[in-house]
Amino acid sequence: QVQLVESGGGLVQAGESLRLSCAASGRTFSSYGMGWFRQAPGKEREFVAGINWGGGRTSYADSVKGRFTISRDNAKNTVYLQMNSLKPEDAAIYYCAADFRGPTRVTVTTHGYDYWGQGTQVTVSS
């Protein structure tokens, strides 16, 4: 069992930055991969970024490449999502998720993750 708690969301203007955090507890953090997803009203949950257990492998959605960076600190049991140059279309609830089945891989589908946080709201005004 793993508990995931996101934080760092808020309201920003277009072009500004936010850093999301996801604190994990309940299982050895360095034994599983992590991902960030987002869901806007009326849309499906979509992959944003993922990172493998050690942080040596990452993957990003095309829509955020070059603007968002995923990282993890295994000593702090935390994964981060640095979001720069935010756009109104980035507004959504952001969720972190844990992948126990393939710690060395980066999974880009919701089905590949086993545990989810409750989400944190990101709002971007134009």
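Structure first, text after, so check above.
To start, this report covers the structure provided alongside it. Remember, predicted model here, so these are calculated numbers, not experimental data.

With respect to the nonpolar core
Counting 34 residues, the largest nonpolar core has Met-34, Trp-36, Leu-81, Met-83 and Tyr-94 as its most contacted members. Broken down by secondary-structure element, the contributors of at least two residues to this core are β3 (18–25), β4 (33–39), β5 (46–51), β7 (68–73), β8 (78–83), β9 (92–99) and β11 (120–125). Top contributing element to this core by residue count: β9, with 5 residues.

Regarding the pairing of β9
With 7 of 8 residues buried, β9 is to be regarded as a mostly interior element. As paired elements, β4 and β9 share 7 bridges and run antiparallel to each other. Across the sheet, Met-34 pairs through a bridge with Ala-98, a residue of β9. One ladder, built from 3 bridges, connects β9 with β11; its direction is antiparallel. The residue of β11 that forms the bridge with Ile-93 is Gln-121. Inspection of the sheet shows β9 paired to strand β10 (residues 115–116) by 2 bridges, in the antiparallel sense.

Observations regarding the state of the cysteines
Counting across every chain of the model gives 1 disulfide. Here Cys-22 is linked by a disulfide to Cys-96, with a sulfur-sulfur distance of 2.0 Å. On the sign convention where negative means left-handed, the S-S torsion of about 50° between Cys-22 and Cys-96 marks this disulfide as right-handed. Placement of the pair is Cys-22 in strand β3 and Cys-96 in strand β9, with a sequence separation of 74 residues. Of the residues examined, Cys-22 reaches a relative accessible area of 0% and is grouped as buried.

Quick notes on the side chain of Arg-38
Summarising the element assignment, Arg-38 is placed in strand β4. The class of Arg-38 is buried, set by a relative accessible area of 5%. Side chain to side chain, Arg-38 and Ser-63 meet in a polar contact 3.4 Å long. Only 2.9 Å separates the side chain of Arg-38 from the side chain of Tyr-94, close enough to count as a polar contact.

Re the packing of aromatic side chains
Given two aromatic rings, one states the distance between the centres and the angle between the planes to describe the pair. A full pass over the atoms with the stated rule returns 7 aromatic pairs. Centre to centre, the rings of Tyr-32 and Phe-100 are 4.8 Å apart; their planes meet at 70°, and the pair counts as edge-to-face. With Tyr-32 in the loop between β3 and β4 and Phe-100 in the loop between β9 and β10, this pair connects stretches of sequence that are 68 residues apart. The same class applies to Tyr-32 and to Phe-100, which are both buried. The rings of Phe-29, Tyr-32, Phe-100 and Tyr-115 are connected pair by pair, giving a single aromatic cluster. When the ring centre of Trp-116 is taken as origin, the NZ or CZ atom of Arg-45, which lies over that ring, is 4.9 Å away. We note Arg-72 situated over the ring of Phe-29; from NZ or CZ to the ring centre the distance is 4.3 Å.

Reading guide: rules and limits
Residues numbered from 1 in each chain as written. Predicted model: local features only at pLDDT ≥ 70, side-chain atom pairs only at ≥ 80, totals over all residues. Heavy atoms only, no water. Core = buried A, V, L, I, M, F, W, Y, C linked by side-chain atoms within 4.5 Å. Buried < 20%, exposed > 50% of the residue type's maximum accessible area, 1.4 Å probe, protein only. Helix = DSSP H or I, 4+ residues; strand = E, 2+ residues; numbered from the N terminus. Pairing = 2+ DSSP bridges. Disulfide = S-S within 2.5 Å. Polar contact = N/O pair within 3.5 Å; in protein donor to acceptor, adjacent residues only side chain to side chain. Phe/Tyr/Trp six-rings, centres within 6.5 Å; stacked < 30°, edge-to-face > 60°. Lys NZ or Arg CZ within 6 Å of the ring centre and 35° of its normal.

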